[in-house]
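Each chain, written out:
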Amino acid sequence: MSENKVIVANKGMVRADFDFWVGLYMDKFYDNFEKKKIIGNKCQKCGDVFVPPRKICGKCNVVIPLEENWVDLPDTGILKNYTITPYRVNDRTSRKAKPQVLGMVQIDGSNTAIIYRLLNIKPEEVKTGMKVKIEWSEKPKGDPSDIKGFVKI
Ligand SMILES: [Zn+2]
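Here goes a summary of the coordinates provided.

Each value, and the rule that gives it
- Residues numbered from 1 in each chain as written.
- Predicted model: local features only at pLDDT ≥ 70, side-chain atom pairs only at ≥ 80, totals over all residues.
- Heavy atoms only, no water.
- Helix = DSSP H or I, 4+ residues; strand = E, 2+ residues; numbered from the N terminus.
- Buried < 20%, exposed > 50% of the residue type's maximum accessible area, 1.4 Å probe, protein only.
- Lys, Arg positive; Asp, Glu negative; His and termini not counted.
- Salt bridge = Lys/Arg side-chain N within 4 Å of Asp/Glu carboxyl O.
- Polar contact = N/O pair within 3.5 Å; in protein donor to acceptor, adjacent residues only side chain to side chain.
- Contact = heavy atoms within 4.5 Å.
- Donors = N, O, S within 2.8 Å, 3.2 Å for Na, K, Ca; no water.
- Tetrahedral: all angles 85-135°; square planar, octahedral: opposite > 155°, others 65-115°.

**Structural notes on the side chain of Asp-146**
Considering the arrangement of structural elements, one finds Asp-146 in the loop between strand E9 (131-136) and strand E10 (147-152). Buried charge without a partner: Asp-146 forms no salt bridge, and the closest opposite charge is Lys-141, 4.4 Å away. At 2.6 Å, the side chain of Asp-146 forms a polar contact with the backbone nitrogen of Gly-142. Those residues in contact with Asp-146 that sit more than four places away from it in its chain are Phe-33, Glu-34, Glu-135, Trp-136, Ser-137, Pro-140 and Lys-141.

**Some thoughts on the coordination of the zinc ion**
Summarising the metal site, the zinc ion is bound by the protein donors Cys-43 (SG), Cys-46 (SG), Cys-57 (SG) and Cys-60 (SG), whose distances to it range over 2.3 to 2.4 Å. For the zinc ion, the four donor atoms in the first shell make angles of 105 to 112° at the metal, so the coordination geometry reads as tetrahedral. Here the donor residues for the zinc ion map to a single chain with the spacing C-x2-C-x10-C-x2-C. Linking Cys-43 in the loop between strand E1 (38-42) and strand E2 (49-50) with Cys-57 in strand E3 (residues 56-57), this pair joins segments that are 14 residues apart in sequence. As far as burial versus exposure is concerned, Cys-43 and Cys-57 are alike and both buried.

Here you go:
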């Protein structure tokens, strides 16, 4: 007598719940948004300051310890570059009635840049090198949307 193996295969969906997590460095960064504060972290070797914070300095290949080298920074910066687009940032299929200006802003005292909308600035007024300031949301909750954008100063 031969033994028959019975193999059962079930086809279907596997449900898995995920919580998106940005990591310990970004957690600390966003936690400070609740206080309307910008922090960066500094490479102990070359002195570069990162906003958003990084775990490793790409230039020196040195790990920046999580509990060290944090620096308080102002909520002002310099517009390094920009683009003007009629498309929404999170949905490229829907156009906005008015073109919006997206800027790459280097926070004063940092060596990197973050990208946010430029508010109340007409496309023809935008210039690289202009001074800008963060427009915080009224009730910050510790996430990227706490920064509404940057305004001209
Ligand atoms: Zn470095």
